[in-house]
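Fold and geometry: a report
Each chain, letter by letter, is given below.
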Amino acid sequence: MDHKMSRSPWVIHYDGSSCNGCDIEVLASLTPLFDAERFGVVNTGNPKHADIFLVTGSVNAQNLPVVRQIYNQMLEPKCVVACGICACSGGVFRDAYNVIGGVDRAIPVDVYAPGCAIRPETVIDAIVEACGILDQKEAVMRAGGDPLTVGGAATWDGGVELGEDGFVAPAEAGDAPAAGDAPAGTPAASAAVRGAE
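Quick look at the structure, then. If you're wondering where the values come from, they're calculated on a predicted model, not measured in any experiment.

1. Thoughts on the overall build of the chain
- For the chain, the helix and strand inventory stands at five helices and eight strands.
- For the chain, the succession of helices and strands along the chain, N to C, is β-α-β-β-β-α-β-α-β-β-α-α-β.
- Burial analysis of the chain (197 residues in total) assigns 47% to the buried set.
- For the chain, the share of sequence-separated contacts (at least 6 apart) that also reach a separation of at least 24 residues comes to 82%.
- Of the accessible surface of the chain, which amounts to about 9700 Å², a share of 55% is contributed by carbon and sulfur atoms.

2. A closer look at the pattern of salt bridges
- A complete count under the given rule lists four salt bridges for this structure.
- For lysine 78, the salt bridge is made with glutamate 76, and the minimal N-O distance between the two is 3.9 Å.
- Of the charged contacts, one joins lysine 137 and aspartate 110 as a salt bridge, the two residues approaching to 3.3 Å between their closest N and O atoms. Of this pair, lysine 137 sits in helix α4 (residues 120-142) while aspartate 110 sits in the loop between β6 (99-101) and β7 (111-113); the two residues are 27 residues apart in sequence, bridging distant segments of the chain. For the pair shown, lysine 137 and aspartate 110 are each scored as buried.

3. A look at the pairing of strand β3 (residues 52-56)
- In terms of burial, β3 is a largely internal element, five of the five residues being buried.
- A two-sided burial pattern is seen for β3, the buried positions comprising Ile52, Leu54 and Thr56 on one face and Phe53 and Val55 on the other.
- Pairing analysis gives five bridges linking strand β1 (residues 10-15) to β3, with the strands arranged parallel. Across the sheet, tyrosine 14 pairs through a bridge with valine 55, a residue of β3.
- In this structure, β3 lies alongside strand β5 (residues 79-83), joined through five bridges in parallel fashion.

4. Digging into the packing of aromatic side chains
- Using the criterion set out here, one finds zero aromatic pairs in the structure.
- Directly above the aromatic system of tyrosine 71 lies the positively charged group of lysine 78, at a separation of 3.9 Å from the ring centroid.

5. Examining the pairing of β1
- Strand direction decides the pairing type here: β1 and strand β2 (residues 42-43), joined by two bridges, are parallel. Residue pairing in the sheet places valine 11 in a bridge with asparagine 43 of β2.
- Tracing the backbone out of β1, into helix α1 (residues 21-29) and back to the parallel element β2 gives a crossover that is right-handed.

6. What to know about the nonpolar core
- In terms of nonpolar packing, the biggest core is built from 23 residues, with Phe53, Val80, Val103 and Ile107 touching the most fellow members.
- Taken together, the elements giving at least two residues each to this core come down to β1, β3, α2 (64-73), β5 and α3 (85-89).
- Among the elements that take part in this core, α2 stands out by supplying four residues, more than any other.
- Here phenylalanine 53 is in contact with Ile12, Tyr14, Val67, Ile70, Tyr71, Met74, Cys79, Val80, Val81 and Ile107, once residues within four sequence places are set aside.
- One finds Cys79, Ile118, Ile127 and Cys131 within the second-largest nonpolar core, a separate group that totals 22 residues.

7. A few points about the side chain of lysine 137
- On the basis of relative accessible area, lysine 137 is assigned to the buried category, the value being 2%.
- Filtering out sequence-adjacent residues up to four positions away, lysine 137 remains in contact with Pro77, Lys78, Cys79, Asp110, Pro147 and Val150.

8. Brief notes about the packing of α1 against α4
- Relative to each other, α1 and α4 sit at 70°, their axes nearing to 8 Å. The orientation of α1 relative to α4 falls into the category roughly perpendicular. In the crossing of α1 with α4, the sense of the turn from one axis to the other is right-handed. Contacts between α1 and α4 involve Glu25, Val26, Ala28 and Ser29 from the former and Pro120, Val123 and Ile124 from the latter.

Rules used throughout
- Residues numbered from 1 in each chain as written.
- Predicted model: local features only at pLDDT ≥ 70, side-chain atom pairs only at ≥ 80, totals over all residues.
- Heavy atoms only, no water.
- Helix = DSSP H or I, 4+ residues; strand = E, 2+ residues; numbered from the N terminus.
- Buried < 20%, exposed > 50% of the residue type's maximum accessible area, 1.4 Å probe, protein only.
- Contact = heavy atoms within 4.5 Å.
- Areas by Shrake-Rupley, 256 points an atom, 1.4 Å probe, with all protein chains shown as cover.
- Salt bridge = Lys/Arg side-chain N within 4 Å of Asp/Glu carboxyl O.
- Pairing = 2+ DSSP bridges.
- Phe/Tyr/Trp six-rings, centres within 6.5 Å; stacked < 30°, edge-to-face > 60°.
- Lys NZ or Arg CZ within 6 Å of the ring centre and 35° of its normal.
- Right-handed = clockwise from strand over helix to strand, strands pointing away.
- Core = buried A, V, L, I, M, F, W, Y, C linked by side-chain atoms within 4.5 Å.
- Axes fitted to C-alpha atoms, helices over the stretch in contact; angles between N-to-C directions.
- Parallel < 35°, antiparallel > 145°, perpendicular 65-115°, else oblique.
- Left-handed = near helix turned anticlockwise from the far one by under 90°.

Below you can see the structure in the form of structure tokens.
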């Protein structure tokens, strides 16, 4: 039986620490106007049922463990989509004292979908791109391989760890990407969705 993960992907959405502009657009993509359900996309609140993890907003010291817990509770194969420029690189909040950067500082990201705020069309494009990566990961698993060798997890540097004080040491000058830049290694490590202008 030929089964594909992309036929009915279930998504879970989490807002890291954003202005809520991207949250509204992610939810708008699931409404009848844009109708992501026509692709079989179902929104769920349970990480164990989700195939795709949509994250909006930057990651800070308080939500870093939450993002990792949701990711770890998801079953393989799974895909992570960074929705909006804050999730991609920290955005306008990247210089805040408590922001450690984009989602890729916490978990491996498979698809970057920039925008401020992200458009519903871009969210749908990112989900469709993630569905293709899900199929690749499923094929690797069926062949007895490790799905973490596909997508963003294959080149992930391990992210950051919190110190005893609950914060991460400040980044050296030049380490953090500019607000409009895609994270270093994006084209080689993962898919980037176009059309966010």
